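The primary structure of each chain is shown beneath.
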Amino acid sequence: MNMHTARAASGLDKLKTILGISVLAIRWDDAIALLNRLISEQRFTKVSFLNAHNANIAYTDPVFAEALDDFLILPDGIGVDLAAKLLYGAPFPDNLNGTDFIPAFLQASTRPLTVGLLGATRVNAEAASVKLAALATQHRFVVIHDGYFSAAQEPEIIGRIARLRPDMLLVAMGVPRQELWIERHIDERHCTLPIAVGALLDFLSGSVPRAPMWMRRLRLEWLFRLAVEPGRLWRRYVVGNPLFLWRVVKQRWSGGRAVADAPGELR
């Protein structure tokens, strides 16, 4: 199922285009209902989330951008909210970041589901599975493999997914690897909803701390993450966030079209 089919399935013709990526503007409860309906109808749908960081990657990586065109994209974070305000005059109805939304979806879904976990380290994936099983006791969680595998191991891993055929497959390999891996290897034979979840398994395992709730409410979780991992994340946030907003401003000036950077401009 591509983005346009998902839009029709949702009954909400509400897409906001951010730097060429179509993002579904939908309320939290409606998003939970939509994913539940896709699973119950077994409508294969690839799911991902757009934030400032992966919007920047897609802006300069046409292969990644083309892959995202076949995903149902949900809004993640204050960056895309600011972009929606600049471009459309209003933010997204809700912040559907995967770290909060996916566990909430699993808690809210009463029908027992099989959920496959793929990615992170084995230790973190197992710990995340235990946490999810305690959080949503109605579902079955199966760790398929960690995220550190060679191309030679892929057929076995893909075969394992096909034999399990989970309702949801949570793929935690980082951007853009996780989306590209789903795009290249996963179809309706393997699962119903493959979801690119980034660092979700690391957060659930407790190995990567989350910001305190007051920072999350103020939409400052990015600042907390920067303080915890400055060496890894300074470029993503200190350089990437202003660059993202500059690109959005250029999109607005161009009448809504995403505009490529000028030669020599910072990428």
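Use the structure listed above.
Once a new chain begins, its residue numbering starts again from 1 and follows that chain's sequence as written. Confidence filtering applies because this is a predicted model: local features only for residues at pLDDT of at least 70, side-chain atom pairs given and counted only at 80 or more, and all residues used for totals across whole chains, interfaces and linings. The basis for every side-chain value is the complete set of non-hydrogen atoms in the structure, without hydrogens or water.

Visitor: Tell me about the overall build of the protein, and name the residues and values.
Guide: Secondary structure elements are defined from DSSP: runs of H or I of at least 4 residues count as helices, runs of E of at least 2 residues count as strands, and each element is numbered from the N terminus. Along the backbone of the protein there are 13 helices and eight strands. Only the C-alpha atoms count toward the radius of gyration. The rule for a globule is 2.2 Å times the residue count to the power 0.38. For the protein, the C-alpha radius of gyration of 18 Å lies close to 18 Å, the compact-globule estimate for 267 residues. Taking the principal axes of the C-alpha coordinates as reference, the protein spans close to 50 × 40 × 40 Å. Every one of the 267 residues in the protein was classed for burial, and the buried ones make up 51%. Working definition of accessibility: Shrake-Rupley area with a 1.4 Å probe, residue cover restricted to the visible protein chains. With the model as given, the accessible surface of the protein reaches about 11,900 Å², and the carbon-plus-sulfur share is 55%. Here the protein contributes 31 positive and 26 negative side-chain charges, whose respective centroids are spaced 3 Å apart. Per-residue accessibility, obtained with a 1.4 Å probe over protein chains only, is compared with the maximum for each type, and a residue is labelled buried under 20%, exposed over 50%, and partly exposed between these values. Just so you know, the count uses Lys and Arg for positive and Asp and Glu for negative, and it drops His and the chain ends. Charge positions come from single atoms, namely NZ of Lys, CZ of Arg, CG of Asp or CD of Glu.

Visitor: Lay out the environment of Arg225 in plain terms, naming residues and giving numbers.
Guide: Within the element layout of this structure, Arg225 appears in helix α12 (residues 221–228). Residues Arg225 and Ala211 lie 14 residues apart in sequence; the distance between their C-alpha atoms is 7.3 Å. Any pair of residues with heavy atoms lying within 4.5 Å of one another is described as a contacting pair. Those residues in contact with Arg225, other than ones at most four positions away along the chain, are Ala199, Phe203, Arg232, Leu233, Arg236 and Tyr237.

Visitor: Requested: an account of the pattern of salt bridges, with residues and values cited.
Guide: Throughout this description, the term salt bridge denotes a Lys or Arg side-chain nitrogen within 4 Å of a carboxyl oxygen of Asp or Glu. One pass over the full model with this rule turns up 12 salt bridges. We note a salt bridge from Glu156 to Arg160, for which the minimum N-O separation is 2.6 Å. Taken together, the positions of Glu156 and Arg160, both in helix α8 (residues 154–164) and four residues apart, correspond to about one turn of that helix. With relative accessibility at 28%, the residue Arg160 sits in the partly exposed group.

Visitor: Break down the nonpolar core for me, with residues and values.
Guide: Counting residues in each nonpolar core, the largest one holds 38 residues, and the members touching the most others are Ile18, Trp181 and Phe244. When contributions to this core are tallied by element, the ones reaching two or more residues are β2 (21–24), α3 (52–60), α4 (62–68), α5 (78–88), α8, β7 (168–172), α9 (177–185) and α13 (230–253). If near-sequence neighbours (up to four positions away) are discounted, Phe244 is found in contact with Ile18, Leu19, Ala52, Ala55, Asn56, Gly79, Val80 and Ala83. Formed by 36 residues, the second largest nonpolar core is a distinct cluster that contains Leu117, Ala128, Val197 and Leu200. Working definition of a nonpolar core: buried Ala, Val, Leu, Ile, Met, Phe, Trp, Tyr and Cys residues. They are joined through side-chain atoms within 4.5 Å.

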